[in-house]
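# Architecture and fold: a report
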Amino acid sequence: MRIAIVALLAAACSSPAPKETPQNPAVKEAPAESYQKSVDDNARKMLDEGRKVFRFETFGSEAFFGGQLRLHEVIAGEKHGGIGKGVTPRDALGLGLRVDFGSIPASLGDVIKAHTLSFDDPENTIALLKHDAVVGVKATFDGDRMTTMGITCAFCHSTTDDNFGKGIGRRLDGWPNRDLDVGKIVSLAPNLKPISELLQVDIDTVKKVLLSWGPGKFDAELNIDGKAFRPDGKPAATLLPAAFGLAGVNLHTYSGWGSVTYWNAYVANNEMYGQGVFFDPRLDDAAKFPVAARAKFGHHRHAGAEDLITSKLAALHFYQLAIPPPSPPKDSYDENAAKRGGEIFASKARCATCHVPPLYVEPGWPMHTAEEIGIDDFQAKRSPDGRYRTTPLRGLFVRAKGGFYHDGRFATLADVVDHYDRHFKLGLMQPEKADLVEFLKSL
Ligand code: HEC
Ligand code: HEC
């Protein structure tokens, strides 16, 4: 019986496709086919364009990072039109910056492979920057002089596979760089006045705040509400999240500000200080967002050729949604335990009520109060809805560094499970908890 069905299927598959006859006799050819092709071609084009935008587009953020903060001067050093001795490759890697081996010409690559590149010579940083090989940093040169610099999405949301040494390898788009010390990098800028003026605090305070974040963190709300520390005195910064596995997820950021394309536009205009158009009247709420309301962050309007952002949003959105969550190495978890853990996840531990497989987030409006998940509401209250979004869980293994939950408050997955066990009074036995952790590691 089974053989017969298989044979039947095979016959059905190998028979020639029925010729499509246009229903409307006025339609002579098969336009559906060429239309279909235009969709496929468009998908390919959007993917390629979006990848370029994600990796290399600064959206005009040079005006802020170069023009105002003059950050490029410290990187360039005196010899290349800047100040001081310049930043060595060792300094750069120490700040968590990554080197994209794929962008390096063979000659320089050979030197790195042979371990003969001097990591203490700032000239080599210049060479890497000239080849766009420092992930997320785009420097502009006039001959040998560095004239300005900007940043790209890849700065925070890409890392490398370290195939050619610590911090040197092939690009991994969407993987958060949990070594990157954004605050420390910005604190090196010779001119922090634009930030101190925006926040209406002195330069020393700006530096103190930037240095409080540490590796793998950034505070995307500081420049709209001016809140640098939580009530318990800890830094208000959040972890750099994954930018993969986001297709099918309705709301983004830890506190659900909006869709992927909403947030992309937000970031390009309000975090990278690019030049575009952005509208969000929610930011006019002066009680919640005093700095944004004052600086009119909800009303950026660069018209025509001056708008360097809007035309790139569609392709960027498409590319973002195309990045799949990475799969963990098979030997990084116990398969049998993970299988048992999956059953506990869906039943006794009730995890799947919010983390609905295979998205691991609720289809719909996946927002929860702080009370529901048993934590404080500080970060939630810094967003329009005042809630936390259910985090999609796939690819957890690449973001273990820095901990879990928006601020990394739980150092390990076992700590997360213990928290839920206490908060929801799940009564999980120790072996059940261990199985649940193996399941999370397998996602
Ligand atoms: C300086 C570091 C930095 C840069 C540059 C940056 N991001 Fe982010 N990104 C963050 C942080 C931090 C968050 C979390 C913000 C929050 O929850 O409040 C985030 C959140 C996101 C999210 C939401 C992820 C989720 O789980 O829903 C997406 C999508 C995203 N960023 C895309 C981008 C894109 C596209 C760009 C370039 C236009 C970009 N980011 C530039 C740091 C950065
Ligand atoms: C009521 C909805 C809800 C339930 C039930 C729930 N979660 Fe969550 N989960 C969330 C929310 C919301 C967050 C984001 C918290 C934050 O970032 O502060 C989260 C975050 C997480 C994270 C951290 C992800 C990261 O990258 O930081 C893990 C791991 C996790 N949940 C696992 C579980 C497990 C395991 C269970 C079952 C024991 C569970 N969750 C039950 C809503 C829920």
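None of the values given here were measured: they were computed from a predicted structure. (Residues numbered from 1 in each chain as written. Chains lettered and ligands numbered in written order. Predicted model: local features only at pLDDT ≥ 70, side-chain atom pairs only at ≥ 80, totals over all residues.)

### Re the overall build of the chain
Test applied: Secondary structure follows DSSP: runs of H or I at least 4 residues long count as helices, runs of E at least 2 residues long count as strands, and numbering of each begins at the N terminus. For a compact globule the rule gives 2.2 Å times the number of residues to the power 0.38, and the radius of gyration it is set against comes from C-alpha atoms. Exposure classes come from backbone-placed C-beta atoms, where a residue is buried if 20 or more other C-beta atoms lie within 10 Å of its own, exposed if 12 or fewer do, and partly exposed in between. Two residues form a contact once the distance between their C-beta atoms, set from the backbone, is within 7 Å.
Each helix and strand counted, the chain has 19 helices and 12 strands in total. Computed over the C-alpha atoms, the radius of gyration of the chain is 25 Å, within 12% of the 22 Å expected from 2.2 N^0.38 for a compact globule of 443 residues. With the C-alpha coordinates of the chain rotated into their principal frame, the extents come out at 80 × 65 × 55 Å. Sorting the 443 residues of the chain into buried and exposed places 40% on the buried side. For the chain, restricting intrachain contacts to residue pairs at least 6 apart in sequence, the fraction spanning at least 24 positions comes to 67%.

### Observations regarding the site of ligand 2
The test is simple: The rule is simple: place the C-beta atom from the backbone, and if it lies within 6 Å of a molecule or strand, the residue is near it. The classification used treats Ala, Val, Leu, Ile, Met, Phe, Trp, Tyr, Cys and Pro as nonpolar, Asp, Glu, Lys and Arg as charged, and all other residues, Gly among them, as polar.
Around ligand 2, the structure places 26 residues, and the nearest of them are Cys351, Cys354, Tyr405, His406 and Tyr420. Where the shell around ligand 2 is concerned, the elements lending two or more residues are α17 (370-373), β12 (388-389), α18 (413-423) and α19 (430-442). Of the residues assigned to the shell around ligand 2, the class counts are 16 nonpolar, six polar and four charged.

### Notes on the pairing of strand β2 (residues 137-142)
Heads up, the rule is: Any two strands are treated as partners once DSSP identifies two or more bridges connecting them.
Across six bridges, β2 lies against strand β3 (residues 145-151) in antiparallel orientation. From the neighbouring strand, Thr140 faces β3, where its bridge partner is Thr148. Taking the residues that link successive antiparallel strands as the turn, the β2-β3 hairpin has two residues, and the phi of Gly143 there is positive, at about 65°.

### Quick word on the nonpolar core
Stated precisely, the cut-off is as follows: For this analysis, nonpolar core means a set of buried Ala, Val, Leu, Ile, Met, Phe, Trp, Tyr and Cys residues linked through C-beta atoms within 7 Å. Boundary definitions for the domains trace back to an automatic or database domain assignment.
With 88 residues, the main nonpolar core has Val134, Val137, Phe218, Leu436 and Leu440 as its most contacted residues. It is helix α13 (residues 260-270) that provides the largest number of residues to this core, a total of six residues. Split by domain, this core shows at least three residues from each of two domains, domain 1 (41-180) and domain 2 (330-442). Contact partners of Val137, with chain neighbours within four places excluded, come to Leu97, Leu129, Met149, Ile151 and Phe155. Within the second largest apolar cluster, five residues are counted, among which are Leu283, Phe289, Ala292 and Phe297.

### Section: the site of ligand 1
Near ligand 1, the surroundings consist of 27 residues, among which Cys153, Cys156, His252, Thr253 and Tyr254 are the closest. For the shell around ligand 1, the residue count by class is 18 nonpolar, seven polar and two charged.

### Here we look at the packing of α13 against helix α15 (residues 313-322)
Two measures define how a pair of helices packs: the angle their axes make with one another and the distance between the axes. Heads up, the condition is: Helix axes use the C-alpha atoms of the stretch in contact, all axes being lines fitted to C-alpha atoms, and the angles between their N-to-C directions lie in the range 0 to 180 degrees. Geometric relationships in this document are graded by angle, where less than 35 degrees denotes roughly parallel, more than 145 denotes roughly antiparallel, 65 to 115 denotes roughly perpendicular, and other angles denote oblique. Each helix crossing is assigned a hand: it is left-handed if the near helix lies turned anticlockwise from the far helix by less than a right angle, otherwise right-handed if that turn is clockwise.
Between α13 and α15, the least distance of the axes is 10 Å, while the angle of their chain directions is 125°. One way to sum up the angle between α13 and α15 is to call them oblique. The way α13 lies across α15 gives a crossing that is right-handed. From α13, Val260, Thr261, Asn264 and Ala265 reach across to α15, where they touch Leu313, Leu316, His317, Gln320 and Leu321. For the contact of α13 with α15, the per-class residue count stands at five nonpolar, four polar and no charged.

### Brief notes about the domain arrangement of the chain
Many structure descriptions define interface size as the accessible area lost when the parts assemble. Each assigned domain of the chain is listed here: domain 1 (41-180) and domain 2 (330-442). Using C-alpha coordinates to define each centre, domain 1 is positioned 34 Å away from domain 2.

### A closer look at the packing of helix α16 (residues 335-346) against α19
Running from N to C, α16 and α19 cross one another at 100°; their axes reach a closest spacing of 7 Å. By the criterion of interaxial angle, the relationship of α16 to α19 is roughly perpendicular. Where α16 abuts α19, its residues Ala337, Ala338, Arg340, Gly341, Gly342, Ile344 and Phe345 lie against Glu432, Ala434, Asp435, Leu436, Glu438, Phe439 and Ser442. The residue makeup of the contact of α16 with α19, split by class, is seven nonpolar, three polar and four charged.

### Some words on the environment of Ala434
Relative to the helices and strands, Ala434 is located in helix α19. Residue classification places Ala434 among the partly exposed residues on the basis of 17 C-beta atoms within 10 Å. Ala434 sits 35 residues away from Arg399 along the chain, and the two C-alpha atoms are 19 Å apart.

### Considering helix α7 (residues 122-130)
Those residues of α7 that sit buried are Pro122, Asn124, Thr125, Ile126, Leu128 and Leu129. Where α7 is buried, its residues contact α4 (71-76), α5 (89-94), β1 (99-100) and β2. Of the residues one or two after α7, Asp132 is the one with positive phi, at around 55°.

### Focus: the environment of Thr253
Mapped onto the elements of the fold, Thr253 is located in the loop between β8 (238-239) and α13. Residue class for Thr253 comes out buried when judged on the 21 C-beta atoms lying within 10 Å of it.

### Remarks on helix α11 (residues 203-213)
Here is the rule we go by: Think of the arc as the fan of directions from the helix axis to the C-beta atoms.
Taken as a whole, α11 has its buried residues at Val206, Val209, Leu210 and Trp213. The arc that holds every buried residue of α11, seen down its axis, measures 95°, which confines them to one face. The secondary structure elements touched by the buried residues of α11 are α9 (182-187), α10 (193-199) and β7 (217-218). Downstream of α11 by a residue or two, Gly214 has a phi angle that is positive, lying close to 80°.

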